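# Overview (structure and organization)
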Amino acid sequence: MPAITNKTKGIFYVISAALGFSGMSLFVKLAGDLPAMQKAFFRNFIALIFITFLIIKNRDGFIPKKENIPSLLGRSVFGTVGLLCNFYALGHLNLSDANMLNKLSPFFSILFSVILLKEKPNFVQIFGVAVAFGGSLLIIKPGFENPSVFAAVMGAIGGLGAGMAYTFVRKLGSNGENSRRIVFWFSAFSCLVCIPFMAAGYETMSGLQLLYLILAGTFACIGQLSITKAYIYASAKEISVYDYTQVIFAAVIGYFVFGDLPDVYSVIGYVLICGAGIFMFLYNNGKIKLPDFSQKKEIR
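So, a few notes on the structure that sits alongside this text. (Residues numbered from 1 in each chain as written. Predicted model: local features only at pLDDT ≥ 70, side-chain atom pairs only at ≥ 80, totals over all residues. Heavy atoms only, no water.)

### With respect to the nonpolar core
In terms of nonpolar packing, the biggest core is built from 53 residues, with Ile227, Tyr231, Ile239, Val241 and Tyr242 touching the most fellow members. Sorting the residues of this core by element identifies helix H1 (6–30), helix H2 (36–58), helix H3 (69–92), helix H6 (123–140), helix H7 (149–174), helix H8 (179–200), helix H9 (207–233) and helix H12 (264–284) as the ones contributing at least two each. Sort the elements by how many residues they give to this core and H9 lands first, with nine residues. (Core = buried A, V, L, I, M, F, W, Y, C linked by side-chain atoms within 4.5 Å. Buried < 20%, exposed > 50% of the residue type's maximum accessible area, 1.4 Å probe, protein only. Helix = DSSP H or I, 4+ residues; strand = E, 2+ residues; numbered from the N terminus.)

### Remarks on the side chain of Lys39
Tracing the backbone shows Lys39 in helix H2. Residue Lys39 is classed as buried on the basis of its relative accessible area, which comes to 12%. Not counting residues up to four positions away in its chain, the partners in contact with Lys39 are Val28, Gly32, Leu34, Phe87 and Leu213. (Contact = heavy atoms within 4.5 Å.)

### Overview of H1
Given a rise of 1.5 Å per residue, 25 residues ought to cover 36 Å, and the 36 Å separating the end C-alpha atoms of H1 matches this to within 8%. After H1 finishes, the residue Gly32 shows a positive phi value of roughly 85°. (Expected span 1.5 Å × (residues − 1).)

### Focus: the state of the cysteines
For the coordinates displayed, the defined rule picks out zero disulfides. Lacking any disulfide linkage, Cys191 is separated from the closest cysteine sulfur, that of Cys194, by 6.7 Å. The class of Cys191 is buried, set by a relative accessible area of 4%. (Disulfide = S-S within 2.5 Å.)

### Structural notes on the side chain of Ser22
Within the secondary structure layout, Ser22 lies in helix H1. Excluding anything up to four places from it in sequence, Ser22 contacts Gln246, Phe249, Ala250 and Ile253.

### Let's talk about the pattern of salt bridges
Here the structure, examined in full by the defined rule, presents two salt bridges. Here Arg180 ties to Asp60 by a salt bridge, and the two come within 2.7 Å at their closest N and O atoms. Taken together, the positions of Arg180 in helix H8 and Asp60 in the loop between H2 and H3 put the pair 120 residues apart, joining distant regions of the chain. You can call Arg180 partly exposed: its relative accessible area is 21%. We note a salt bridge from Glu177 to Arg181, for which the minimum N-O separation is 2.7 Å. (Salt bridge = Lys/Arg side-chain N within 4 Å of Asp/Glu carboxyl O.)

### Some points on the environment of Phe27
Mapped onto the secondary structure, Phe27 falls in helix H1. Owing to a relative accessible area of 13%, Phe27 belongs among the buried residues under this scheme. Among all residues touching Phe27, those that are not within four sequence positions of it are Tyr212, Leu215, Ala216 and Phe219.

### Some points on the packing of aromatic side chains
Inspection of the entire model under this criterion finds eight aromatic pairs. Residues Phe78 and Phe168 carry aromatic rings whose centres are separated by 6.0 Å and whose planes lie at 20° to one another, so their mutual orientation is stacked. On the criterion of sequence distance, the pair formed by Phe78 in helix H3 and Phe168 in helix H7 is long-range, its members being 90 residues apart. Classification of Phe78 by relative accessible area gives partly exposed; the value is 28%. Here the aromatic residues Phe12, Tyr13 and Tyr233 are joined through ring pairs into a cluster of three or more. (Phe/Tyr/Trp six-rings, centres within 6.5 Å; stacked < 30°, edge-to-face > 60°.)

### Looking at a nonpolar patch on the surface
There is a patch of nonpolar side chains on the surface, built from Val252, Tyr255, Phe256, Val257 and Phe258 and spanning about 500 Å² of accessible area. Overall, Phe258 belongs to the partly exposed group, its relative accessible area being 35%. (Patch = residues over 30% accessible without salt bridge, like charges linked within 9 Å, V, L, I, M, F, W, Y side chains within 5 Å. Areas by Shrake-Rupley, 256 points an atom, 1.4 Å probe, with all protein chains shown as cover.)

### Focus: the packing of H1 against helix H11 (residues 245–258)
It is the contact of H1 with H11, at a shortest axis distance of 9 Å, that shows an interaxial angle of 40°. Relative to H11, the element H1 lies oblique. In this structure, H1 meets H11 at a crossing whose hand is right-handed. Here Ile15, Ala18, Leu19, Phe21, Ser22, Gly23, Ser25, Leu26, Lys29 and Leu30 of H1 lie close against H11, whose contacting residues are Thr245, Gln246, Phe249, Ala250, Ile253, Val257 and Phe258. When its residues are assigned to classes, the contact of H1 with H11 shows 11 nonpolar, five polar and one charged. (Axes fitted to C-alpha atoms, helices over the stretch in contact; angles between N-to-C directions. Parallel < 35°, antiparallel > 145°, perpendicular 65-115°, else oblique. Left-handed = near helix turned anticlockwise from the far one by under 90°. Nonpolar A, V, L, I, M, F, W, Y, C, P; charged D, E, K, R; others polar.)

### Describing the packing of H1 against H9
H9 packs onto H1 with a crossing angle of 160° between their chain directions and a minimal axis gap of 7 Å. The pairing of H1 with H9 is recorded here as roughly antiparallel in orientation. As for the relative orientation of H1 and H9, their crossing is left-handed in sense. Residues of the contact of H1 with H9, tallied by class, amount to 17 nonpolar, eight polar and three charged.

Take a look at the structure:
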């Protein structure tokens, strides 16, 4: 049996992350009308407890190599900015607009991978991500009829922050940094940032709301661990397209939990996303060969 490549592992983990983050979104929505900072704190605090247990169990240690500290701080800062801006956008824009802005993160991730990691995507990989992005547009159908300019800017910054954070994760992976330690630093940093804001506007929760936020944090931890391992195993240009499977998972969850039915545009979007993912997988594994148009043919 042939060995599983790092690229295939990266695809598996990014899809696992999409499923985890879909579960997180479900329970955040079920938690009701609570302050965004309060939800963000619980999202990371549960992950912090869980990841601390794993680090102690596996004896990983909490202190990284000195040369990895700048990248860990970069991942933590930009990841927190992305998280908080996305939560702010969710609180001030409709769900479709906020999600669409957050889905800019793969594009930023590819851009920053070129700048920071010198990874150059080819035309086919860029085209695959663009097709998936177009499919998500058909599913989400952003309106922007009366947008809040500041909230929209925050949503875009959220996508930028997430893309930059994933690029730092990739850099840390190439430097041999432990994935659990990466998640620990991000979770601890985010919690510290959220505490003063949450304390200022804290709202009492019911037992059911607390349970939903605990579950949201649990699924967020699954998503965070998976996305960290994904970008350690493979580059953004190879796997970022598969992050759009989160849209599909969300649609399935929405149907069974809230009774939402996709329209024809959404179905076309699903086909585009799945088609782009399958095509990218086959192309990256050499199953599809395309002609090289970069070289001029000799004129006889």
